[in-house]
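The lines below spell out each chain.
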Amino acid sequence: MNAATPNIDAHSRPIIRQLDEAAINRIAAGEVVERPASAVKELVENALDAGAGRISIDYADGGKTLIRVSDDGCGMTAEDLPLALSRHATSKIDGSDLLNIHSFGFRGEALPSLGAVGRLTISSRPAGRDGMMIAVSGSRIGPVRPTPLSQGTIVELRDLFYATPARLKFMRTDRAEAQAIAEVIKRLALAEPEVGFTLRDVSNGESRVMFRADPVSGDFFDALHGRITSVLGRDFADNALPIDHSRDGLRLVGYAALPTYSRGSSAAQYLFVNGRPVQDRMLWGALRAAYMDVLSRDRHPAAVLNIECDPQNVDVNVHPAKSEVRFRDPALARALIVSTLRHALAEAGHRASSTVGAETLGAFQPGAGTAPRIYQMDRPSAGAISRAYAYQAPAPAPLAFDEAPSARFEAQPISPDDTAQPLGAARAQVHENYIIAQTRDGVVIVDQHAAHERLVYERLKAERASKGIAAQALLIPDIIDLSASDTARLLDLAPDLAQLGLVIEGFGGTAIAVRETPAVLGRINAAALLRDILDDLSDLGSSDRLQGKIDAVLSRMACHGSIRSGRQMRAEEMNALLREMEATPLSGQCNHGRPTYVELKLADIEKLFGRR
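All figures in this text were calculated on a predicted structure; none of them were measured in a lab. (Residues numbered from 1 in each chain as written. Predicted model: local features only at pLDDT ≥ 70, side-chain atom pairs only at ≥ 80, totals over all residues. Heavy atoms only, no water.)

### Things to note about the sheet that holds strand β13 (residues 276–278)
The mixed open sheet is built from 5 strands, whose spatial order is β10-β11-β14-β12-β13. Whereas interior strands pair on both sides, the edge strands pair on one side only; in this sheet they are β10 (240–247) and β13. In this sheet, adjacent strand axes meet at a mean angle of 20 degrees when their direction is disregarded. Sheet contacts for helix α8 (residues 281–290): β12 (269–273), β13 and β14 (303–308); angle to β12, the most-contacted strand, approximately 125 degrees. Docked against the sheet, helix α9 (residues 330–347) engages β10, β11 (250–257) and β14, running at close to 135 degrees with respect to β10. (Pairing = 2+ DSSP bridges. Helix = DSSP H or I, 4+ residues; strand = E, 2+ residues; numbered from the N terminus. Axes fitted to C-alpha atoms, helices over the stretch in contact; angles between N-to-C directions. Contact = heavy atoms within 4.5 Å.)

### Looking at the sheet that holds strand β21 (residues 471–481)
Pairing is antiparallel across the open sheet formed by 3 strands, whose spatial order is β21-β23-β22. Only two strands of the sheet have a single partner each, and these edge strands are β21 and β22 (503–506). Strand-to-strand twist across the sheet, computed as the mean angle between neighbouring axes with direction ignored, equals 20 degrees. Inspection of the sheet shows β22 paired to strand β23 (residues 511–518) by 4 bridges, in the antiparallel sense. Residue pairing for β23: Ile-504 is matched across the bridge by Val-514.

### Looking at the pattern of salt bridges
Per the stated rule, a full pass over the model turns up 28 salt bridges. Of the charged contacts in the structure, one is a salt bridge between Arg-234 and Asp-238, with a shortest N-O distance of 3.7 Å. Linking Arg-234 with Asp-238, this pair stays in helix α7 (residues 234–238), spanning 4 residues, or about one helical turn. Since its relative accessible area comes to 35%, Asp-238 is described here as partly exposed. Across the pair Glu-505 and Arg-515 runs a salt bridge, and its minimum N-O distance is 2.8 Å. With a gap of 10 residues between them, Glu-505 in strand β22 and Arg-515 in strand β23 connect regions that are remote in the sequence. Relative accessible area serves as the criterion here: at 33%, Glu-505 is assigned to the partly exposed category. On the basis of relative accessibility, which here comes to 30%, the residue Arg-515 falls in the partly exposed class. Salt bridges here are not isolated pairs; linked through shared partners, they connect Asp-58, Arg-68, Glu-156, Arg-158 and Arg-200. (Salt bridge = Lys/Arg side-chain N within 4 Å of Asp/Glu carboxyl O. Buried < 20%, exposed > 50% of the residue type's maximum accessible area, 1.4 Å probe, protein only.)

### Things to note about the pairing of strand β7 (residues 152–158)
The element β7 is extensively covered by neighbouring structure, given that 5 of its 7 residues are classed as buried. Relative to β7, strand β2 (residues 66–71) is paired through 6 bridges, and the arrangement is antiparallel. Along β7, the bridge assignment pairs Val-69 with Val-155. Across 7 bridges, strand β3 (residues 119–125) lies against β7 in antiparallel orientation. In the sheet register, Ser-123 faces β7, and the bridge partner there is Ile-154.

### Quick notes on the side chain of Asp-447
Of note, Asp-447 is situated in strand β20 (residues 442–447). When its relative accessible area of 15% is taken as the criterion, Asp-447 is described as buried. Discounting residues that sit within four places of it in the chain, Asp-447 has contacts with Asn-433, Tyr-434 and Thr-596.

### With respect to the packing of aromatic side chains
For the structure shown, the criterion picks out 3 aromatic pairs. Their ring planes at 80 degrees and their centres at 5.8 Å tell us that Phe-221 and Tyr-255 sit as a pair that is edge-to-face. With Phe-221 in helix α6 (residues 220–232) and Tyr-255 in strand β11, the pair connects residues that are 34 residues apart, well separated along the chain. Considering the side-chain rings of Phe-236 and Tyr-261, the 5.9 Å spacing of their centres and the 80 degrees angle between planes classify their relative orientation as edge-to-face. Taken together, the positions of Phe-236 in helix α7 and Tyr-261 in the loop between β11 and β12 put the pair 25 residues apart, joining distant regions of the chain. The class of Phe-236 is buried, set by a relative accessible area of 2%. (Phe/Tyr/Trp six-rings, centres within 6.5 Å; stacked < 30°, edge-to-face > 60°.)

### Remarks on the confidence of the model for the protein chain
Caution is warranted with low-pLDDT regions, since their predicted coordinates should not be read in detail. Per-chain confidence: the protein chain averages 81 in pLDDT, with 80% of residues scoring 70 or above. pLDDT under 50 marks residues 387–404. Its contacts with residues more than four places away, or in other chains, come to 9 contacts. (pLDDT = per-residue confidence, 0-100.)

### What to know about the packing of helix α5 (residues 174–191) against α6
Between α5 and α6, whose axes approach to 9 Å, the crossing angle comes to 165 degrees. Classified by the angle between their axes, α5 and α6 sit roughly antiparallel to one another. Of the two possible hands of crossing, α5 and α6 adopt the one that is right-handed. For the pair formed by α5 and α6, the contact residues are Lys-186, Ala-189 and Leu-190 on the first element and Leu-224, Arg-227, Ile-228, Val-231 and Leu-232 on the second. (Parallel < 35°, antiparallel > 145°, perpendicular 65-115°, else oblique. Left-handed = near helix turned anticlockwise from the far one by under 90°.)

### Examining helix α17 (residues 571–583)
The α-helix advances 3.6 residues per turn, and as a result positions three or four apart in sequence lie on the same side. Here α17 is 13 residues long and its end C-alpha atoms lie 19 Å apart, about the 18 Å a rise of 1.5 Å per residue gives. When α17 is considered as a whole, its buried residues turn out to be Ala-571, Met-574, Asn-575, Leu-577, Leu-578, Met-581 and Glu-582. Projected onto a plane normal to the axis of α17, the buried residues spread over an arc of 155 degrees and lie on a single side. The secondary structure elements touched by the buried residues of α17 are β18 (425–430), β19 (434–439), β20, α13 (448–467) and β24 (597–601). (Expected span 1.5 Å × (residues − 1). Arc of directions from axis to C-beta.)

Pasting the structure below:
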């Protein structure tokens, strides 16, 4: 590759050679073991396949000098140990059906690959047998020897990549590699809540527990909820919706967080297929599409979701590290995720993340300015808010002597039935933008503009669903030249695009004619829109680009048609807004995912004043 040309010289006949076993194993290790975290993943998955109930993982120097995985699984006999170090030797499949895979591992490549690039020692003892051990270094396998051991297996890998020192140059810092190991263990812990995991850093002769998750008993949802609490924290568990829906042989189970518990990155997205952690672009795109209507583009949903299906309907053998999968019907898997999550979010109604109220209470505490934000949405600055209010507010009436207070109190009796409502009864309006409502056990503060904007948006969407999307015919069709493959993909999608008001048809050769466009979008650059749709099809296998553009227009219409900041509202208007919020799906957040209200419990308010 360092020559002037990487191609084979046509004037000299190349010789085909059979690589030796050591070279073959090192090449396989390059595909399977990218970094220490990859080795940990392979070893822990082996432990899970062995039926382990508790797994302990020790590492030193980010896993570069030591990785030790201990389990209480079924163990291996003295006859099994040398065979386990042979390539493509496995107890998990018989080779007759590569689509009927029920285990994490199945290729039989991990142990020989690790033995080719590091110093590997395996100690194991099955029930009723003696403990035995075997060592391999740089593909050189030693003899089987007895060793004292309780039931289970201990795999110790030292000096990873010592046989291929060039790979060490591409390793990151010890801290970065340790974080990658912790992330692998967290994903596997979420996949197996009934198994206990302990992760320790034993660098420099010390032992520090970096992560611990005890086994959780109970039914699936109770166990998963408990594991989520220990792995991702109480806030995630308290603000996640249980998901359980089946369609055409696929089942989606897990938890999905409320939109107001969004994140700044996709780090809190944990996706599994038949319990196998995957990082699949199609599944990520489906999760993104499900939240498209309730989150801005710079926010990411949080979720722990598992797709269960017949192993015959999914191919897990399409990636060296088995991190990607291929469904027999990818459109069905995508539709299951999108429709199930949208339905669950709609059923949540006006519910908003509890972290919003917690942050509000924290703002009242001394030194709150230095506390970390619990709710992660970036809000406009005080200057931007004041300018927006000044722009949106009606012209003020002239005052006689002094400035009027920016608050209105409605002196009217409130019955217990009013405060029993989820959002309570309106008591006052402050700064002509915030409604103060009293509930049975607390106080609710509502952003009237954000709340009404969401309500109007949902009405516009309902009207669109009932009447369809109006299309406007172009006087002169736009003719767009594309490649043959892009043209074919768009024409296959033409019926779906027509339902959204975009009518296209073939125009001979590889050209496409755009006949009609959605009226609500006005004048558009049809060529740019079609190319954006093609990009989505290439990256995600589907496209919500046009749907998103139409929804964005409806969102802007809702913004202009909603109650403005600065408008004074009567008590009956405020209460009507509260009741409509309670009856409208997704009203707990505005069109951009920010909360429309904050609820403060009376007990928490009393704590602020030292009453509790």
